[in-house]
Amino acid sequence: MPNWSASMQQTFEYYLVDPISWKDKKILDKVKSCTINWDSEAETLGSATIDVTDVTDECYIRVYLVTIQNGLRERFPLGTFLVQTPSSSFDGKSHSSSMDAYTPLIELKENNPPLGYSMLRGGNIMERAYQIVRDNARAPVVKTMHSKTLYNDFVANTEDTWISFTNDLIANVKYKLGLDEMCRILFVPEQDTASLQPVWTYDDSNSSILHPEVSVNRDLYGIPNVVEVIYSTGTEYYYGKAVNDDPNSPISTVNRGRTITHRVPNPGLPGNPTAKHVQEYAEQVLREMSCLEYTISYTHGYCPVRLGDCIRLNYVRAGLVDVKAKVVYQSIKCQPGCPVTEKAVFTKKLWR
């Protein structure tokens, strides 16, 4: 592993990938440029744009960053993408194509479960999710073991794709779909930033890879100070209400001088909930929603930080000291210096 804070030579390599073995098959020497975007809000978690000087049919391409430092040559995968050729041109000498590229999760988005598809009560959630992804995508799938089973039958909606059905299914055990650096498909546990350990610290020392421009955004709009939960069946009706009237909270009914209500009708509570369970659920929802999210945007030279990783910011001149944040977006430009534009978020609790 090179010292990412020291000088090095950097180049990029592109390979055709065998979708069955997921191994490199053939190097591509006609790539002009490439930009990779990772986005935790995108259903497929990212995309890429690859410009080539020769027409390429639909295929998987893997991108590597190649470093040379102190005579040691190393390769680091930046992602594997399914490319298509939406446009091409010819200048009299050569073809030029700009290709949209997608993560392997696109294959889970292209087809729908059969009408009425369901997973029956008592089925193991993670085992079934693994089978679904393995059967509907060609990329390798890393299996995750979990003992939890379904309380009720889990039925696909008519508009579901395999990716939406799988994400909804594994949300029952607080997991989500993810990708590693080779774009193998993972099942990633949902974790708050406070429970994570930073994999990298960005600072403003002399050897820093952080560029000087940093922006911080926050927004109090829409954070409620009252949560109502209504649970009803054919024979039962329960109502729970949680109120933030803490004078020490900046979003409380006391300090805002008004109520902002969030209502949860018919929550999917497991088993046979009681009035106490519904009230506790209302308080839990209010706690979870009473957080102010900060988004930090910055640029740095490449280092092995991935989407979903926790980073620490010690940018003293910008007033960011010992801030832990989770990476939610990256744009990697495959050009000299390999600049990475990144967004990370962290939250502050405003109630309890």
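Figured I'd write up the structure that's included with this text.

The rules we used
Residues numbered from 1 in each chain as written. Predicted model: local features only at pLDDT ≥ 70, side-chain atom pairs only at ≥ 80, totals over all residues. Heavy atoms only, no water. Buried < 20%, exposed > 50% of the residue type's maximum accessible area, 1.4 Å probe, protein only. Helix = DSSP H or I, 4+ residues; strand = E, 2+ residues; numbered from the N terminus. Contact = heavy atoms within 4.5 Å. Phe/Tyr/Trp six-rings, centres within 6.5 Å; stacked < 30°, edge-to-face > 60°. Pairing = 2+ DSSP bridges. Axes fitted to C-alpha atoms, helices over the stretch in contact; angles between N-to-C directions. Polar contact = N/O pair within 3.5 Å; in protein donor to acceptor, adjacent residues only side chain to side chain. Expected span 1.5 Å × (residues − 1). Arc of directions from axis to C-beta. Core = buried A, V, L, I, M, F, W, Y, C linked by side-chain atoms within 4.5 Å.

## Let's talk about helix H3 (residues 162-170)
And then number 1: Counting buried residues along H3, seven of its nine residues qualify, which places the element largely inside the surrounding structure.
And then number 2: Residues Trp 162, Ile 163, Ser 164, Phe 165, Thr 166, Leu 169 and Ile 170 constitute the buried set of H3.
And then number 3: Residues of H3 that are buried in the fold lie against helix H1 (106-109), strand S9 (118-119), helix H2 (125-136), strand S10 (154-155), strand S11 (175-179) and strand S12 (185-189).

## Thoughts on the packing of aromatic side chains
And then number 1: Counting across every chain of the model gives 12 aromatic pairs.
And then number 2: Considering the side-chain rings of Trp 22 and Tyr 60, the 5.0 Å spacing of their centres and the 65 degrees angle between planes classify their relative orientation as edge-to-face. Note that Trp 22 is positioned in the loop between strand S1 (9-17) and strand S2 (24-28) and Tyr 60 in strand S5 (residues 59-69), a separation of 38 residues in sequence. When sorted by exposure, Trp 22 lands in the same class as Tyr 60, which is buried.

## Concerning the sheet that holds strand S16 (residues 237-243)
And then number 1: The sheet built from three strands is open, its strands ordered S16-S15-S17 with mixed pairing. Taken across any chain shown, the strands that pair with only one partner, and hence form the sheet edges, are S16 and strand S17 (261-265). On average, each strand axis in the sheet is inclined to that of its neighbour by 10 degrees, with strand direction left out of account.
And then number 2: Relative to S17, strand S15 (residues 226-232) runs parallel, the two being bridged by five bridges. The partner of Ile 230 across the bridge, within S17, is Pro 265.

## Some words on the environment of His 300
And then number 1: Relative to the elements of secondary structure, His 300 occurs in strand S18 (residues 291-301).
And then number 2: Along the chain, His 300 and Tyr 221 lie 79 residues apart, while their C-alpha atoms are 30 Å from each other.
And then number 3: In this view, His 300 contacts Tyr 202, Ile 209, Leu 210, His 211, Cys 338, Pro 339, Val 340 and Glu 342; residues no more than four positions away in its chain are not counted.
And then number 4: Polar side-chain contacts of His 300 include one of 2.9 Å to the side chain of Glu 342.

## Considerations on helix H5 (residues 275-289)
And then number 1: A rise of 1.5 Å per residue sets the reference length of H5, with its 15 residues, at 21 Å; its end C-alpha atoms lie 21 Å apart and thus fit the reference within 8%.
And then number 2: Those residues of H5 lying buried are Val 278, Ala 282, Val 285 and Leu 286. In an axial view of H5, the angular spread of the buried residues amounts to 100 degrees, which keeps them on one side of the axis. The outward face of H5, more than 90 degrees from its buried face, is lined by the exposed residues Lys 276 and Glu 288.

## Points about the nonpolar core
And then number 1: Core analysis: the biggest nonpolar cluster contains 83 residues, and Ile 36, Phe 187, Tyr 202 and Ile 311 have the highest contact counts within it.
And then number 2: For this core, the leading source of residues is H2, giving six residues.
And then number 3: Within the second largest apolar cluster, 11 residues are counted, among which are Ala 242, Ala 282, Val 285 and Trp 351.

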